[in-house]
Amino acid sequence: MNTAQQQKTTEKQTVRISGSVAILEALVAEGVDVIFGIPGGASIAIYDALYDYGEKLKHILVRHEQAAIHAAQGYARTSGKVGLALATSGPGATNLITGIADAMIDSTPVVCITGQVFAHLLGTDAFQETDIINISSPITKWNYQVTEAAEIPGVLAKAFYIAKSGRPGPVLIDITKNAQLELFDYKGYTKCNHIRSYRPKPVIREKYIEQAAELINKAERPMVIWGQGVILGGAEKEFKAFIEKAGIPSAWTILGAGAVSNDHPLNVGMLGMHGNYAPNLLTNECDVLIAIGMRFDDRVTGRLDRYALQAKVVHLDIDPAEIDKNVKSTVGVWGDCKETLPMLTALIQEKVYDDWLGMFRRFYLEELERVVITELNPLSGEISMGEVIRHLNSLTKGEAIVVSDVGQHQMITCRYTKFNKSRSNVTSGGLGTMGFALPAAIGAKYGVPERPVVVVAGDGGFQMTLQELGTIMQNKIDIKIIILNNRFLGMIRQWQELFSESRYSFSDIESPDFVALAASYRIEGKCVSERDELSGALEEMFNSKGAFLLEVKVAKENNVFPMVPQGCGVGEIRLS
Ligand SMILES: Cc1ncc(C[n+]2csc(CCOP(=O)(O)OP(=O)(O)O)c2C)c(N)n1
């Protein structure tokens, strides 16, 4: 603590500290080790206090607040801890909005602290005043405006508890400038572990677990679909034990990727619009569909009135609001899947479904022949996105954290990257935010510094947050950046080709010389367009010390297949 800001009042066992110091004390007590932010007039007091906290709190100065929140998300997604973004009032706060919405839909625990104008100026359209509480209300798990310093410890304790408990999510605490500056009698920091009428974990009802087990035991063609809930609950082991005892083929949503390694014999692939052929088709053939920690997003279900109508549905989720939201369940099991899965596993019979698994295998081979081989091993023509991922896999051996942006390359990356470890696939799943990858990768590197971090971005999305090359330069962050440059907003072009008679309306995009741009940020780089240069360039990138940008000129007009076209059912998935 800054001695100038505190006066001991020994008889009360309190110290007089400023609101700003109280903020930082809270962060330290909550185990925050890195903050992503940019200062401003309405947060300058917090930054002043931060000057003395260098040993305990690392601050990463990003180049745009959107990057601060994406970095906090990348940190949280990879480390399992709460990410922290710090912004000033007005434009600083509103620049966080996209990332907050992204964190909300992807259930990512982040705490955002925004500065606010003096309390007496609230509502006067003061310089850089914006009503961030109302703006962020629908996209935060909780938000709150602090106008007095004494509120700070209690409010921040609640903020951390709410962000990380139950189904995680973003919380925003807006703190007026007077509250940051005021001195108050500080009695220490107490973590929060209970809030009246907030029940992060619903009560588990055994009756429903018994009913679920009965359905599973009677099933002839059961199928598991899992999502990020397994990872957020830290239930990877419990989940694996469940599917292995049950012998049930299991498919994943993109945010569930990696909870079970790709080469597990019961892992039958990715669900959704650009997922694998077998799990999409067979969703409409199974007799019992067991959904675990996933929310039946429309990218996963396609048309709901053609989705798994033949199946009895068992849905396990920590958030009761998810059960029956999109797909009516036969049995809903509320609860943390780390607790409900072992209970279910205990009640199910050990089984092997050879014929049923054989159907997955047959469709897998069909997809392999018609899509995967040419995508991963093209013999002629321009470089494909898939072959870049194939080389990446052989270099990283499934150990890297791979952060993808949004578009065709994202779908290719999620489809083909080998993930041996949980918390390795970082991507904007629900919001589909272009520009997410580069800053999220920065956060991921701080979240898990010992693991290699690779960005895969498109030429379009990369240009939305490329200013973060500056953050990488200044902090010497070791991340490897691959830009798959198809000279198009590729996913848009694909839709225009397939559904708008190839009318490429504003989807062709020019790019700067990415390697020269990286060089201007003192980041090593290389550009390749020939197949025989590709694996060498990737090796060079991985052997280099520090950040490296590799631009790969890939085929201009490749499409991502399979595809469940918008407005179709999962049974109408196309291979071409
Ligand atoms: C912020 C934002 N704006 C617009 C979109 C709509 N959109 C989705 S994919 C896409 C094209 C992405 O192009 P690029 O980054 O080059 O990747 P590619 O699809 O070519 O791999 C666009 C514009 C979006 N997802 N996010």
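Being a predicted model, the structure only gives us computed values, none of them experimental.

**Topic: the overall build of the protein**
Part 1: In terms of helices and strands, the protein carries 23 helices and 21 strands.
Part 2: In summary, the protein has a C-alpha radius of gyration of 25 Å against a globular reference of 25 Å for 576 residues, a match within 12%.
Part 3: Relative to its 576 residues, the protein shows a buried fraction of 59%.
Part 4: Look at the contacts in the protein between residues 6 or more apart in sequence, and 76% of them connect residues 24 or more apart.
Part 5: Working note: accessible area of the protein is about 22800 Å², and carbon and sulfur atoms make up 51% of it.

**Quick word on the site of the ligand**
Part 1: In the vicinity of the ligand lie 17 residues, with Gln-408, His-409, Gly-432, Gly-461 and Gly-490 positioned nearest.
Part 2: Within the contact set of the ligand, a nitrogen atom lies 2.8 Å away from a backbone nitrogen or oxygen of Gly-432.
Part 3: At a separation of 2.9 Å, an oxygen atom of the ligand approaches a polar backbone atom of Gly-460.
Part 4: Considering the ligand on its own, with 590 Å² of exposed area, one finds that the protein chains cover 77% of that surface.
Part 5: Secondary-structure elements contributing two or more residues to the shell around the ligand are helix 17 (408-416), helix 19 (459-462) and helix 21 (490-499).
Part 6: Taken together, the residues of the shell around the ligand sort by class into seven nonpolar, nine polar and one charged.

**Concerning the packing of aromatic side chains**
Part 1: By the definition in use, this model includes twelve aromatic pairs.
Part 2: Between Tyr-277 and Phe-363, the aromatic rings sit 5.6 Å apart at their centres with planes inclined by 90 degrees, giving edge-to-face as the arrangement. Linking Tyr-277 in helix 12 (residues 277-283) with Phe-363 in helix 15 (residues 354-376), this pair joins segments that are 86 residues apart in sequence.
Part 3: The partly exposed category is assigned to Phe-363, whose relative accessible area is 22%.
Part 4: With a centroid separation of 5.9 Å and 75 degrees between ring planes, the pair formed by Phe-296 and Tyr-307 is classed as edge-to-face. Within this pair, whereas Phe-296 is found in the loop between strand 13 (288-292) and helix 13 (298-301), its partner Tyr-307 is found in the loop between helix 13 and strand 14 (312-317), the two being separated by eleven residues in sequence.
Part 5: Through a chain of ring-to-ring contacts, the aromatic side chains of Phe-36, Tyr-75 and Tyr-446 assemble into a single cluster.
Part 6: The ring of Trp-334 carries the charged tip of Arg-205 above its face, separated from the ring centre by 5.0 Å.
Part 7: Sitting over the ring of Phe-488, Arg-493 keeps its end group 5.7 Å from the ring centre.

**Some words on the pairing of strand 21 (residues 548-553)**
Part 1: The element strand 21 is extensively covered by neighbouring structure, given that five of its six residues are classed as buried.
Part 2: As judged from the six bridges shared by strand 19 (residues 480-485) and strand 21, these two strands associate in the parallel manner. Each bridged residue has a counterpart across the sheet, and for Leu-484 the counterpart in strand 21 is Val-552.
Part 3: With five bridges joining them, strand 20 (residues 524-528) and strand 21 adopt parallel strand pairing. Counterpart to Glu-524 in the pairing with strand 21 is Phe-548.
Part 4: This β-α-β element, strand 20 to helix 23 (residues 531-543) to strand 21, shows right-handed connectivity.

**Points about unusual backbone geometry**
Part 1: Residue Phe-561 is joined to Pro-562 through a cis peptide bond whose omega torsion reads 0 degrees.
Part 2: In this structure, Pro-562 sits in the segment after strand 21.
Part 3: Unusually for a residue other than glycine, Ser-107 sits at a positive phi of about 50 degrees.
Part 4: As for its placement among the helices and strands, Ser-107 is situated in the loop between helix 5 (97-105) and strand 6 (110-116).

**Here we look at the pairing of strand 18 (residues 453-458)**
Part 1: When you tally the buried positions in strand 18, you get six out of six residues, the bulk of the element.
Part 2: With burial as the criterion, each face of strand 18 is covered, one bearing Val-453, Val-455 and Ala-457 and the other bearing Val-454, Val-456 and Gly-458.
Part 3: Sheet topology note: the strand 16 (residues 401-404)/strand 18 ladder contains four bridges and is parallel. Across the sheet, the residue bridging to Val-403 is Val-455, located in strand 18.
Part 4: The pairing of strand 18 with strand 19 spans five bridges and is classified as parallel. What sits directly across from Val-454, in strand 19, is Lys-480.

**Some thoughts on the sheet that holds strand 8 (residues 170-176)**
Part 1: Taking strand neighbours across the sheet as the criterion, the six strands line up as 4-3-5-6-8-7 in an open arrangement whose pairing is parallel. In this open sheet, the two edge strands, each paired with only one partner strand, are strand 4 (58-61) and strand 7 (142-146). When the angles between neighbouring strand axes are averaged without regard to direction, this sheet yields 20 degrees.
Part 2: In this structure, strand 5 (residues 83-87) lies alongside strand 6, joined through five bridges in parallel fashion. For Gly-83, the partnering residue across the bridge sits in strand 6 and is Val-110.
Part 3: Contacts from helix 18 (residues 437-447) reach strand 3 (34-37) and strand 4 within the one sheet, and its direction differs from that of strand 3 by about 165 degrees.

**A few points about the nonpolar core**
Part 1: The biggest cluster of nonpolar side chains holds 95 residues, and the ones touching the most others in it are Phe-242, Leu-289, Ile-290, Ile-292 and Val-552.
Part 2: Among all residues touching Ile-292, those that are not within four sequence positions of it are Val-224, Ile-225, Trp-226, Gly-227, Val-230, Phe-239, Phe-242, Leu-316, Cys-337 and Leu-341.
Part 3: Counting residues in each nonpolar core, the second largest holds 54 residues, with Ala-101, Ile-133, Ala-441 and Leu-517 among its members.

Procedures and definitions
Residues numbered from 1 in each chain as written. Predicted model: local features only at pLDDT ≥ 70, side-chain atom pairs only at ≥ 80, totals over all residues. Heavy atoms only, no water. Helix = DSSP H or I, 4+ residues; strand = E, 2+ residues; numbered from the N terminus. Rg over C-alpha atoms; globule rule 2.2 N^0.38 Å. Buried < 20%, exposed > 50% of the residue type's maximum accessible area, 1.4 Å probe, protein only. Contact = heavy atoms within 4.5 Å. Areas by Shrake-Rupley, 256 points an atom, 1.4 Å probe, with all protein chains shown as cover. Near = heavy atom within 4 Å. Polar contact = N/O pair within 3.5 Å; in protein donor to acceptor, adjacent residues only side chain to side chain. Nonpolar A, V, L, I, M, F, W, Y, C, P; charged D, E, K, R; others polar. Phe/Tyr/Trp six-rings, centres within 6.5 Å; stacked < 30°, edge-to-face > 60°. Lys NZ or Arg CZ within 6 Å of the ring centre and 35° of its normal. Pairing = 2+ DSSP bridges. Right-handed = clockwise from strand over helix to strand, strands pointing away. Axes fitted to C-alpha atoms, helices over the stretch in contact; angles between N-to-C directions. Core = buried A, V, L, I, M, F, W, Y, C linked by side-chain atoms within 4.5 Å.

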